[in-house]
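# Remarks on the overall topology
If you want the building blocks of each chain, they are given just below.
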Amino acid sequence: MRLTPRVKEILSWYESDNPGTKANLARMLMHGKLAGTGKLVILPVDQGFEHGPARSFAVNPPAYDPHYHFDLAVEAGCNAYASVLGMLEAGASTFAGEIPLILKMNSSNSLLPKGDQPNQAVTASVKDALRLGCSAIGFTIYPGSGASNDLFEEIRALAEEAKAHGLAVVIWSYPRGGFLSKDGELAVDISAYAAHLAALLGAHIIKVKLPTDFLELPEAKKVYEEKKIDVGTLAKRVAHVKQCAFNGRRLVIFSGGNTKDKQSVFDDITAIAQGGGDGSIIGRNVFQRPRAEALEMLDKVMNILK
Amino acid sequence: MRLTPRVKEILSWYESDNPGTKANLARMLMHGKLAGTGKLVILPVDQGFEHGPARSFAVNPPAYDPHYHFDLAVEAGCNAYASVLGMLEAGASTFAGEIPLILKMNSSNSLLPKGDQPNQAVTASVKDALRLGCSAIGFTIYPGSGASNDLFEEIRALAEEAKAHGLAVVIWSYPRGGFLSKDGELAVDISAYAAHLAALLGAHIIKVKLPTDFLELPEAKKVYEEKKIDVGTLAKRVAHVKQCAFNGRRLVIFSGGNTKDKQSVFDDITAIAQGGGDGSIIGRNVFQRPRAEALEMLDKVMNILK
Amino acid sequence: MRLTPRVKEILSWYESDNPGTKANLARMLMHGKLAGTGKLVILPVDQGFEHGPARSFAVNPPAYDPHYHFDLAVEAGCNAYASVLGMLEAGASTFAGEIPLILKMNSSNSLLPKGDQPNQAVTASVKDALRLGCSAIGFTIYPGSGASNDLFEEIRALAEEAKAHGLAVVIWSYPRGGFLSKDGELAVDISAYAAHLAALLGAHIIKVKLPTDFLELPEAKKVYEEKKIDVGTLAKRVAHVKQCAFNGRRLVIFSGGNTKDKQSVFDDITAIAQGGGDGSIIGRNVFQRPRAEALEMLDKVMNILK
Amino acid sequence: MRLTPRVKEILSWYESDNPGTKANLARMLMHGKLAGTGKLVILPVDQGFEHGPARSFAVNPPAYDPHYHFDLAVEAGCNAYASVLGMLEAGASTFAGEIPLILKMNSSNSLLPKGDQPNQAVTASVKDALRLGCSAIGFTIYPGSGASNDLFEEIRALAEEAKAHGLAVVIWSYPRGGFLSKDGELAVDISAYAAHLAALLGAHIIKVKLPTDFLELPEAKKVYEEKKIDVGTLAKRVAHVKQCAFNGRRLVIFSGGNTKDKQSVFDDITAIAQGGGDGSIIGRNVFQRPRAEALEMLDKVMNILK
Amino acid sequence: MRLTPRVKEILSWYESDNPGTKANLARMLMHGKLAGTGKLVILPVDQGFEHGPARSFAVNPPAYDPHYHFDLAVEAGCNAYASVLGMLEAGASTFAGEIPLILKMNSSNSLLPKGDQPNQAVTASVKDALRLGCSAIGFTIYPGSGASNDLFEEIRALAEEAKAHGLAVVIWSYPRGGFLSKDGELAVDISAYAAHLAALLGAHIIKVKLPTDFLELPEAKKVYEEKKIDVGTLAKRVAHVKQCAFNGRRLVIFSGGNTKDKQSVFDDITAIAQGGGDGSIIGRNVFQRPRAEALEMLDKVMNILK
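Throughout what follows, the structure given in this document is the object of discussion. (Residues numbered from 1 in each chain as written. Chains lettered and ligands numbered in written order. Predicted model: local features only at pLDDT ≥ 70, side-chain atom pairs only at ≥ 80, totals over all residues. Heavy atoms only, no water.)

### A look at the overall build of chain A
Scanning chain A for helices and strands turns up 14 helices and 10 strands. What you see for chain A is a C-alpha radius of gyration of 18 Å, in line with the 19 Å of a compact globule of 306 residues. For chain A, the spread of C-alpha atoms along the three principal axes comes to 55 × 50 × 40 Å. Element-wise, carbon and sulfur atoms account for 49% of the exposed surface of chain A, whose accessible area totals about 9,700 Å². With 34 positive and 33 negative side-chain charges, chain A shows a separation of 4 Å between the mean positions of the two kinds. (Helix = DSSP H or I, 4+ residues; strand = E, 2+ residues; numbered from the N terminus. Rg over C-alpha atoms; globule rule 2.2 N^0.38 Å. Areas by Shrake-Rupley, 256 points an atom, 1.4 Å probe, with all protein chains shown as cover. Lys, Arg positive; Asp, Glu negative; His and termini not counted. Charge placed at Lys NZ, Arg CZ, Asp CG, Glu CD.)

And the structure:
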């Protein structure tokens, strides 16, 4: 297998990484239906941890089985499958070598007391990622939370260890907590800042939510208006977020959020493609649909991105 | 000794574990009267820590002696005996090789100030488990507690170390604290979530309480009703919890709670058996009865499960 | 020197310990006037830390000198001398080989702000105990305190290290803080629970205060009354506490508390002997008396216990 | 290359450092247009972390690209380029050997909840600095903050590790938080104290803001007035701060603050030169101007300092 | 060089220390004008950290230079020079071998928020002390502070490491915080307690302030009155504090406090000599005077102590 010129170009952005990490990035970029295009579609399944099993899987009962998700990701030709420790342990051997894996290192859950310091528990180690044959670790930060400095220090240590062992680092950057308003969590200035923070923290792949055209911080709003930064369409906002990730020199993928009708999903993906986004991480919209429908949807998603 | 097909099937669920851990799981599954059936009856004695010695043992004074419980578990043909550091140190040599042991790693006590952040103290190490010849470590998490993320991070570290040393991991998952109501602690949506969290944290064996048909979380209640998840009988609830443990691919055992009349115990066990539960962990109902009566009860319990 | 049958029996209780730890237990049990009897009288001098030097030593000024206490313990034929880091460093070489030493690892002091989370500072290490030639480490826990889980986790780590290096572990179990009433600190249900907790935490020797017949916890009170546990005399209470220490399979010694008249001391010791207690740890009542009087008192105490 | 006498003199101040650290100090002092003069102009780019990408770079969009800043610093002939982990990872290989690098080890951000305990997250390690080929680590302390003791302990550990590995240490000393007034943050007594603290903590290069003639602490004010310490002009204040850095035996550079008109910048630099300051760290005033204008400005700045 | 009988006697008090630590104690006791007398005069310069540079040095501007203090201590024939990391780094090489050094390991500063939990930041390591050629580490504890247990645990670890590496340990014991009154900080019962705590924590040299005849703690006051402990003169109080330091078997030196007229200084020193104190640690009264005057004063101080 030869890397495509586009994948080689992407790898060139990660100029400080060792060959092991570059190989794992290449493994994800050269796998599945989008292999070689530089685009990524990743299946993430951490809903069970976040919202509990019935809310996640009752709508599509075969999804209670960890093997279901490995199989779905392989069959759909996703670039990687991302999940938490127990889920990966339950299938990593059966599906060894069939799809790159991302071990999600920290998780939140719906039973936690609410507060202005949202946080996550670290539930896996870099050694776990290595023994399970993963290509990358995943980690969520909550910019804005009173616990965000702790989260930054945790990913600092985990990313250093992961990179030293040839793994790639994926950061989920989800602003929340502190003084952030509910609208602000999806505001384009905040999303762009969130993507930038993830890049500064050393992420290879950055995952943010698709932003709205709301502007949260007064100081930022002034700049967006004075400099006439165009955030009027979703595609423009995707392009702005990508620019804020080292002028595009970092992979940025966008998440779909909760289940919605198919056309909305395709519209989102089209905007990502038009804005130069690097792909999508799409969970509930996939595994909460019947398998055949999910495969058909993913096929269409990948065709849009290709 | 050859493993039975059922035990081989169970071991196949733990596909990411090393041979040492699989051997220790097999050791428990192939021991005692239920050997080879895939069912488990475990004797746990941590009541002294939780409620004090007189409340635990005065009703049956021979039980003040740590040897009493080892002997009882051996005689009854339990799959394993679980207790805290001091209790195991006091008999592990005398009963070496007679029954698999589970070292309970953390404990709470009745003298602790109450609050919304229930927690436990870690009172043993993986090295302790190894030097005492144990097959597994046990650990309690309190989903819902403000201290739950700390508990998750503690078991993450202990489980990683235990698995690396060929031990199995048993998680007691007991929701409490935070915004959980008293009824919610036993609600079926919460119990199922608790079992799922334990599975995601990497438990080999999950211990939860038998759930009621109460539904605690409004978002979950909606799903249970829309999807018509049948939780009308105890057996159905057991089956649902088992489904939430990786579609049944994890061992789930249920605890009996405080002392009650024998028929209630047998009814509970019958429901576990009907619902496809993997067995029971039964403490006070055993050691707070006279020895002969306890042995007779355990025999009946095992016959129901067999 | 041959161990006596009684000492051999006592050592048999500690069946999970390595020969080094057993040898150190034997060293204490085979030393002094009570050598071989299985009884222990230990001189503890941590009053200076707890209450300051003048309150501790002004009544008997030679006691300002650390050598005084070593010499007194040797001369009286105590089984061991227990003190804090600085005190042991000041005499361990002069008196090397003349008496077994216990290094008290944590201490409180009278200048600390009061609160419901009483705690102690760890002021020595296991390495200190080894370099000073000690036979055991000593550690205070405060069951009931909001800091008790922290204390339990500290002694867990220290005890593991001590045992691995062939030292014995002595736990001072002093209930206080949290919701405990002043009377409750000495209540017999609480003392028995405190002794049990120390045993569960892996102590070889447990030190508690002599309990009153008060019952603190309503749930416990019910059991004591229903089961007619006899706590009407001090001797009965000593016997009950000893039963709660693994049915007597752990050494339990009782402390004398603040200075009182000699007859009260002898009455206490007589009750300990009658109740089957394993001895006494007696500090202020000894070093706050003139040397000759102290020696005479200790001689009588030992004769009662013999 | 031979060191100039001035650089040799400066190195002689760091008499306790190993040759590796001295070589890295020399590397910065012998690089760029000011090579050999003993003066330093450093380009720092951590604005993206502190204020977000749009507020930092929208005014000059090429600055979104990490390579832009490396290139600018090289082209301008700065002594060093300082930035955070992700920024350095994105260009350290392309520009390897072209300019000394300073890895900024901790960072704050604008989404953090406000409070009287301002703090920063540690986002890089000494190993990161070594693998990226840096000459120094940079670290911000907030004297006055309730978190300042934590910050001091963090830099203590990082500086020890950095020095042992032959790196130099740059401390940004920015008083804020606690009882400090807004005016006090720039008060000359506070700035001088801040510089002194950085020196005492072992910094090789100290960065403070240019102080005003305000005096914050009453006890200090009394001394400044009694001893007639002349703080009437900016140059005098620079000289006083430099005196407070070990009587001038530590390199002290001053930051420019937010963007202002060019003449103000040149006036500041002139005062630094007149007061005997060792240079300037100048970020926003450079990268928020068009490249040609920035290069012209830096050239003038260096000519003033030369 | 032969040790004098008095120095040999002093070394005999430290019977548990290794030869390395004894040699470092001897190094200090055999250096300077008081060499061999068993008396100590130490120059400490941590005022810059505590009160800022101008308040410390403006009265005598040459003192801004770290070399000034090394030189002064050497010239005056002090036994040792004590200062913080940056100050020692700035001169340890120039003055290597000319005077024993004490590295002050923790420090407070005047910009910290006030509160009832006064604390200090650890700003140096034992490795720093070794690489700088020091003979001892210095550490401040605040008995009474809500942070005192943390301070005790910090010095425990540092002292263990220092002793294992052959360094001596000097503890500054300064009661403050918690329920202590302002008068209580200097009360003789509190000072004596503070000295005793430092001894118990394993200090070789204890530094306390000269106490007043105030008695702070009611329980202690009762004892002082009943036992007629004579604290009526400064010399008697010095003798009492020395007695509380293991009956005189630990070196206790007294600090002079803020600048005062010369006669007051000499009166203090005379009382120290009469009370059997082991010397003085005298900073501001020295370096805040012109050099000639300071040397003259120190000469007189040493003559009084000799």
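### Notes on the relation of the copies chain B and chain A
For the pair chain B and chain A, the relating rotation is 72°, the translation along its axis is 0.0 Å, and the fit reaches an RMSD of 0.0 Å. When the rotation and shift are considered jointly, the pair of chain copies conforms to a five-fold rotation axis. It is Asp150(B) whose C-alpha, among those of chain B, lies nearest the rotation axis, at 11 Å. (Least-squares fit on C-alpha atoms with pLDDT ≥ 70 in both.)

### A short note on the packing of aromatic side chains
Within this structure, the stated rule accounts for 30 aromatic pairs over all chains. Between the aromatic rings of Trp13(D) and Tyr14(D), the centroid separation amounts to 6.4 Å while the plane-to-plane angle is 55°, which identifies the pairing as tilted. Pair check on accessibility: Trp13(D) and Tyr14(D) agree, each one buried. Among the aromatic residues, those joined into a cluster by ring pairs are Phe57(A), Tyr64(A) and Phe287(A). We note Lys209(C) situated over the ring of Tyr174(C); from NZ or CZ to the ring centre the distance is 4.6 Å. (Phe/Tyr/Trp six-rings, centres within 6.5 Å; stacked < 30°, edge-to-face > 60°. Buried < 20%, exposed > 50% of the residue type's maximum accessible area, 1.4 Å probe, protein only. Lys NZ or Arg CZ within 6 Å of the ring centre and 35° of its normal.)

### Some remarks on the sheet that holds strand S1 (residues 40-45) of chain D
Residues and elements named next belong to chain D. An order of S1-S2-S3-S6-S7-S8-S9-S10 is seen for the 8 strands of this closed barrel, with the pairing classed as parallel. The mean inter-strand angle of the sheet, taken between neighbouring strand axes irrespective of direction, is 25°. In the sheet, strand S3 (residues 101-104) pairs with strand S6 (residues 136-141) via 3 bridges, with the strands oriented parallel. Along S6, the bridge assignment pairs Ile102 with Ala136. Running at roughly 140° to strand S9 (residues 251-255), helix H11 (residues 234-243) makes contact with strand S8 (205-209) and S9 of the sheet. (Pairing = 2+ DSSP bridges. Axes fitted to C-alpha atoms, helices over the stretch in contact; angles between N-to-C directions. Contact = heavy atoms within 4.5 Å.)

### Overview of the interface of chain B and chain A
Chain B puts 39 residues into the contact, and the matching count from chain A is 45 residues. When chain B packs against chain A, close to 3,300 Å² is buried across both sides, 63% of that on carbon and sulfur atoms. Of all residues in chain B, the largest losses of buried area upon contact with chain A belong to Glu15(B), Tyr193(B) and Leu200(B), amounting jointly to 19% of the total for that side. Taken together, chain B and chain A are joined by 2 salt bridges. Of the charged contacts in the structure, one is a salt bridge between Arg249(B) and Asp65(A), with a shortest N-O distance of 4.0 Å. Applying the counting criterion to the chain B and chain A interface returns 15 residue pairs in polar contact (both at pLDDT 80 or more). Listed by contribution, the elements that provide at least two residues to the side of chain B that touches chain A are helix H8 (148-164), helix H9 (188-200), helix H10 (218-226) and helix H11 (234-243) of chain B. Of the residues contributing to the side of chain B that touches chain A, the split by class is 18 nonpolar, 12 polar and 9 charged. (Buried area = accessible area lost by both parts, 1.4 Å probe. Salt bridge = Lys/Arg side-chain N within 4 Å of Asp/Glu carboxyl O. Polar contact = N/O pair within 3.5 Å; in protein donor to acceptor, adjacent residues only side chain to side chain. Nonpolar A, V, L, I, M, F, W, Y, C, P; charged D, E, K, R; others polar.)

### Focus on the packing of helix H5 (residues 66-76) of chain C against helix H14 (residues 291-305) of chain C
Residue and element names in this part refer to chain C. Contact pair H5 / H14: the axes reach a minimum separation of 10 Å and the direction vectors enclose 40°. Accordingly, the angle class assigned to the pair H5 and H14 is oblique. Crossing of H5 over H14 shows right-handed handedness. On H14, the residues that touch Tyr68, Asp71, Leu72, Glu75 and Ala76 of H5 are Arg291, Ala294, Leu295, Leu298 and Met302. Classifying every residue of the contact of H5 with H14 gives 7 nonpolar, no polar and 3 charged. (Parallel < 35°, antiparallel > 145°, perpendicular 65-115°, else oblique. Left-handed = near helix turned anticlockwise from the far one by under 90°.)

### Here we look at the interface of chain C and chain E
The partner chain E presents 39 residues to the 45 residues of chain C that form the contact. Linking chain C to chain E there are 2 salt bridges. Joining chain C to chain E, the criterion identifies 15 residue pairs in polar contact (both at pLDDT 80 or more). When contributions to the side of chain C that touches chain E are tallied by element, the ones reaching two or more residues are helix H3 (47-51), helix H4 (53-57), H5, helix H6 (85-89), strand S5 (121-122) and helix H7 (126-131) of chain C.

### As for helix H12 (residues 262-275) of chain B
Residue and element names in this part refer to chain B. Given a rise of 1.5 Å per residue, 14 residues ought to cover 20 Å, and the 20 Å separating the end C-alpha atoms of H12 matches this to within 8%. Its buried side turned inward, H12 meets H11, strand S9 (251-255), strand S10 (279-281), helix H13 (284-287) and helix H14 (291-305). Positioned one or two residues after H12, Gly276 has a phi angle of 85°, which is positive. (Expected span 1.5 Å × (residues − 1).)

### Focus on the pairing of strand S2 (residues 80-83) of chain E
All names here are of chain E. In S2, alternate side chains face the same way, and those of Ala80 and Ala82 on one face and Tyr81 and Ser83 on the other are all buried. Here strand S1 (residues 40-45) pairs with S2 via 4 bridges, running parallel. Bridge assignment links Val45 to a residue of S2, and that residue is Ser83. In this structure, S2 lies alongside strand S3 (residues 101-104), joined through 3 bridges in parallel fashion. Its bridge partner being in S3, Ala82 is matched across the sheet by Ile102.

### Comments concerning the environment of Leu88(C)
Residue position: Leu88(C) is located in helix H6. Considering only alpha carbons, one finds Leu88(C) and Pro175(C), 87 residues apart in sequence, at a separation of 27 Å. Here Leu88(C) is in contact with Phe70(C), Tyr81(C), Ser83(C), Leu101(C), Ile102(C), Leu103(C), Leu132(C), Cys134(C) and Ser16(E), once residues within four sequence places are set aside.

### Here we look at the environment of Pro66(D)
By the element assignment, Pro66(D) lies in helix H5 (residues 66-76). On the basis of relative accessibility, which here comes to 0%, the residue Pro66(D) falls in the buried class. Expressed as a C-alpha distance, the spacing of Pro66(D) and Glu154(D), which sit 88 residues apart in the sequence, is 27 Å. If we skip the residues at most four places from it in the chain, Pro66(D) touches Phe246(A), Arg249(A), Met87(D) and Ala90(D).

### Quick look at the side chain of Ser110(C)
Its location among the elements puts Ser110(C) in the loop between strand S4 (106-107) and S5. Taking the relative accessible area as the measure of exposure, Ser110(C) reaches 13% and is therefore buried. A polar contact is formed between the side chain of Ser110(C) and the backbone oxygen of Glu50(C), at a distance of 2.3 Å. Leaving out residues up to four positions away in the same chain, Ser110(C) has contacts with Phe49(C), Glu50(C), His51(C), Arg55(C), Phe179(E) and Tyr193(E).

### Focus: the pattern of salt bridges
Summed over all chains, the structure comprises 70 salt bridges over all chains. A salt bridge links Lys242(B) to Asp278(B); the nearest nitrogen and oxygen atoms lie 2.4 Å apart. Remark: Asp278(B) occurs in the loop between H12 and S10 and Lys242(B) occurs in helix H11; sequence separation between them is 36 residues. By relative accessible area, which is 1% here, Asp278(B) ends up buried. Each member of the salt-bridge network shares a partner with another, and the members are Glu89(A), Asp128(A), Arg131(A) and Lys163(B).

### A short note on the sheet that holds strand S7 (residues 168-173) of chain A
All names here are of chain A. One closed barrel holds the 8 strands; their spatial order is S1-S2-S3-S6-S7-S8-S9-S10, and the pairing between them is parallel. Here the average twist between neighbouring strands, direction ignored, is 25°. One ladder, built from 5 bridges, connects strand S8 (residues 205-209) with strand S9 (residues 251-255); its direction is parallel. Residue pairing for S9: Lys207 is matched across the bridge by Ile253. Running at roughly 140° to S9, helix H11 (residues 234-243) makes contact with S8 and S9 of the sheet.

### Some details on the pairing of strand S7 (residues 168-173) of chain B
Residues and elements named next belong to chain B. Burial of S7 is extensive: 6 of the 6 residues sit out of reach of the surface. By the alternation rule, side chains of S7 split into Ala168, Val170 and Trp172 and Val169, Ile171 and Ser173, which are all buried. Two elements, strand S6 (residues 136-141) and S7, share 6 bridges in a ladder whose sense is parallel. Each residue of the ladder has a partner; that of Ile141, found in S7, is Ser173.

### Side note on the packing of helix H1 (residues 5-13) of chain A against helix H2 (residues 19-29) of chain A
All names here are of chain A. Direction vectors running N to C along H1 and H2 enclose 145°, while the axes themselves pass 10 Å from each other. Note on packing geometry: the crossing formed by H1 with H2 is right-handed. On H2, the residues touching Val7, Ile10 and Leu11 of H1 are Lys22, Leu25, Ala26 and Leu29. When the residues that make up the contact of H1 with H2 are grouped by side-chain class, the tally is 6 nonpolar, no polar and 1 charged.

### What about the side chain of Ser56(A)?
Residues and elements named next belong to chain A. With respect to the helices, strands and loops of the structure, Ser56 is situated in helix H4 (residues 53-57). By relative accessible area, which is 0% here, Ser56 ends up buried. Ser56 has contacts with Gln47, Gly48, His51, Phe287 and Gln288, leaving out every residue within four places of it along the chain.

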